[in-house]
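For reference, the chains in residue letters:
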Amino acid sequence: MDLSQIKLVATDMDGTLLNSRGEVSQSFFYLFDELKELGVTFVAASGRQYYSILHKLKAIKDDMIVIAENGALTMHKDEELQTTEIDRKTYLELLDATKDLKGSQVILCGRKKAYIEDYGKDFENMLEEFYGRYEIVKDLSEVIDDQYLKIAICNEKGSEKYLYPALKHLESRLKVKVSGKVWLDLSHNNANKGYALKNVQNSLNISTNETMVFGDYNNDLEMMSQATYSFAMQNAHPNVKAVANYTTKSNDENGVEYMLSKMIEAKRKKSI
């Protein structure tokens, strides 16, 4: 494992870079300074909203590339590098497919903000962890002044058991992703982290052999294939562990930082 050749690092957020309390460790920011000094590009790739990612990583917001909404939006500083949206006809069809999912909450992830119907204050409080900008609307079908990047669905009983079976028939045309224990996402087929990361790699002329990625859940699967140095967290879903080439410590044990420090050490040694 020659980590000295790494030129790009891409990491998921929840369950990966963030600990179980949704925090980024201070050690990561120290390591990031070293990555920047070594000329390594850093990409935050998450199912989260763009503004939520910026909030979590605000200290480095101008020095990273952001892949948000599971790959539907790629940004660098204020420049939009890529947007992959759902057309309105498909959006309305998906809303119709979700209307009978009892005990579930549906979120429209727009380019400007997220939109929800009134599901109560408890859900709204939870939503604020993942969405920095959102609006409560009377009817999601009436949102027309925005791009439709993704539909996210929450079911506290579990997304794999209560959501995926009801929506997997859409997989022939769309991405149907179990992205967390209570989350499932519906998006355009090209709205995935792997497709977005490949475009970033191509634009920077960086190969899979020069790329390191970290992830923990099914929405990270495509991203794993874009890196020779693909790492599943110790706490990762079995599907991710099955396709990743390596594993690292859990998110609560700073598994990302552990491998970054090893990579930095390898690059420093090679430069001597």
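Just so it is clear, the structure is predicted and the values come from calculations on it, not from any experiment. (Residues numbered from 1 in each chain as written. Predicted model: local features only at pLDDT ≥ 70, side-chain atom pairs only at ≥ 80, totals over all residues. Heavy atoms only, no water.)

**Points about the pattern of salt bridges**
Phase 1: This structure, assessed with the given rule, holds 22 salt bridges.
Phase 2: A salt bridge links Arg-48 to Asp-14, with the nearest nitrogen and oxygen atoms 2.6 Å apart. A residue pair is termed long-range when its members are at least 10 positions apart, and Arg-48 in the loop between strand E2 (41–45) and helix H3 (50–56) and Asp-14 in helix H1 (residues 13–17) qualify at 34 residues.
Phase 3: Arg-48 gets classed as buried once you look at its relative accessible area, which sits at 2%. (Salt bridge = Lys/Arg side-chain N within 4 Å of Asp/Glu carboxyl O. Helix = DSSP H or I, 4+ residues; strand = E, 2+ residues; numbered from the N terminus. Buried < 20%, exposed > 50% of the residue type's maximum accessible area, 1.4 Å probe, protein only.)

**Thoughts on the pairing of strand E6 (residues 104–110)**
Phase 1: Most of E6 is tucked away: seven of the seven residues are buried.
Phase 2: Going residue by residue along E6, you find Ser-104, Val-106, Leu-108 and Gly-110 tucked away on one face and Gln-105, Ile-107 and Cys-109 tucked away on the opposite face as well.
Phase 3: Bridge count for E6 against strand E9 (residues 148–155) is seven bridges, and the pairing is antiparallel. Paired with Val-106 across the strands is Ile-153, a residue of E9.
Phase 4: With three bridges connecting them, E6 and strand E7 (residues 114–116) associate as antiparallel partners. Residue Ile-107 lies in a different strand from E7, and its bridge partner there is Ile-116. (Pairing = 2+ DSSP bridges.)

**Things to note about helix H2 (residues 26–37)**
Phase 1: Over its twelve residues, H2 extends 18 Å from the first C-alpha to the last, a length consistent with the 16 Å expected when each residue adds 1.5 Å.
Phase 2: Count one or two residues on from H2 and you reach Gly-39, which has phi positive near 80 degrees. (Expected span 1.5 Å × (residues − 1).)

**Notes on the sheet that holds E6**
Phase 1: Sheet architecture is open: six strands sit in the order E8-E7-E6-E9-E11-E10, paired in mixed fashion. Two strands close off the open sheet at either side, each with one partner strand: strand E8 (134–136) and strand E10 (174–178). Averaged over neighbouring strand pairs, the angle between their axes works out to 20 degrees when direction is ignored.
Phase 2: Summarising the sheet, E9 and strand E11 (residues 183–188) pair through four bridges and their orientation is antiparallel. (Axes fitted to C-alpha atoms, helices over the stretch in contact; angles between N-to-C directions.)

**What about the packing of aromatic side chains?**
Phase 1: Under the criterion given, the structure shown has eleven aromatic pairs.
Phase 2: For the pair Phe-28 and Phe-32, a centre-to-centre distance of 6.2 Å together with 45 degrees between the ring planes defines the contact as tilted. One end of the pair is Phe-28 and the other is Phe-32, both in helix H2 and four residues apart, which spans about a single turn. Of the two residues, Phe-28 and Phe-32, both sit in the buried class.
Phase 3: When the ring of Phe-214 is compared with that of Phe-231, the centres are 5.3 Å apart and the planes differ by 25 degrees; the resulting orientation is stacked. Here Phe-214 is found in strand E12 (residues 211–215), whereas its partner Phe-231 is found in strand E13 (residues 229–233), with 17 residues between them in sequence. (Phe/Tyr/Trp six-rings, centres within 6.5 Å; stacked < 30°, edge-to-face > 60°.)

**What to know about the sheet that holds E12**
Phase 1: One open sheet accounts for eight strands, arranged E5-E4-E3-E2-E1-E12-E13-E14; its pairing is mixed. One side of each edge strand has no neighbouring strand; the edge strands of this open sheet are strand E5 (79–83) and strand E14 (246–248). Sheet twist, expressed as the average angle between the axes of neighbouring strands with direction ignored, equals 20 degrees.
Phase 2: Pairing geometry for strand E3 (residues 65–68) and strand E4 (residues 73–76), over four bridges, is antiparallel. Among the inter-strand pairings, Ile-67 is bridged to a residue of E4, identified as Thr-74.

**Remarks on the domain arrangement of the chain**
Phase 1: Assigned domains within the chain: domain 1 (8–83 + 191–271) and domain 2 (88–187).
Phase 2: A straight line from the C-alpha centre of domain 1 to that of domain 2 covers 24 Å.
Phase 3: Domain 1 puts 23 residues into the contact, and the matching count from domain 2 is 23 residues.
Phase 4: It is Gln-49, Tyr-51 and Tyr-217 that lose the most area in domain 1 upon contact with domain 2, and together they represent 31% of the buried surface on that side.
Phase 5: The tally of links from domain 1 across to domain 2 stands at six salt bridges.
Phase 6: Between Lys-177 and Glu-222 there is a salt bridge; the shortest N-O distance is 3.1 Å.
Phase 7: Inspection of the domain 1/domain 2 interface yields 17 residue pairs in polar contact (both at pLDDT 80 or more).
Phase 8: When contributions to the side of domain 1 that touches domain 2 are tallied by element, the ones reaching two or more residues are H3, E4, E5 and helix H9 (221–224).
Phase 9: Sorting elements by how many residues they give to the side of domain 1 that touches domain 2 places H3 first, with three residues. (Domains from an automatic or database assignment. Contact = heavy atoms within 4.5 Å. Buried area = accessible area lost by both parts, 1.4 Å probe. Polar contact = N/O pair within 3.5 Å; in protein donor to acceptor, adjacent residues only side chain to side chain.)

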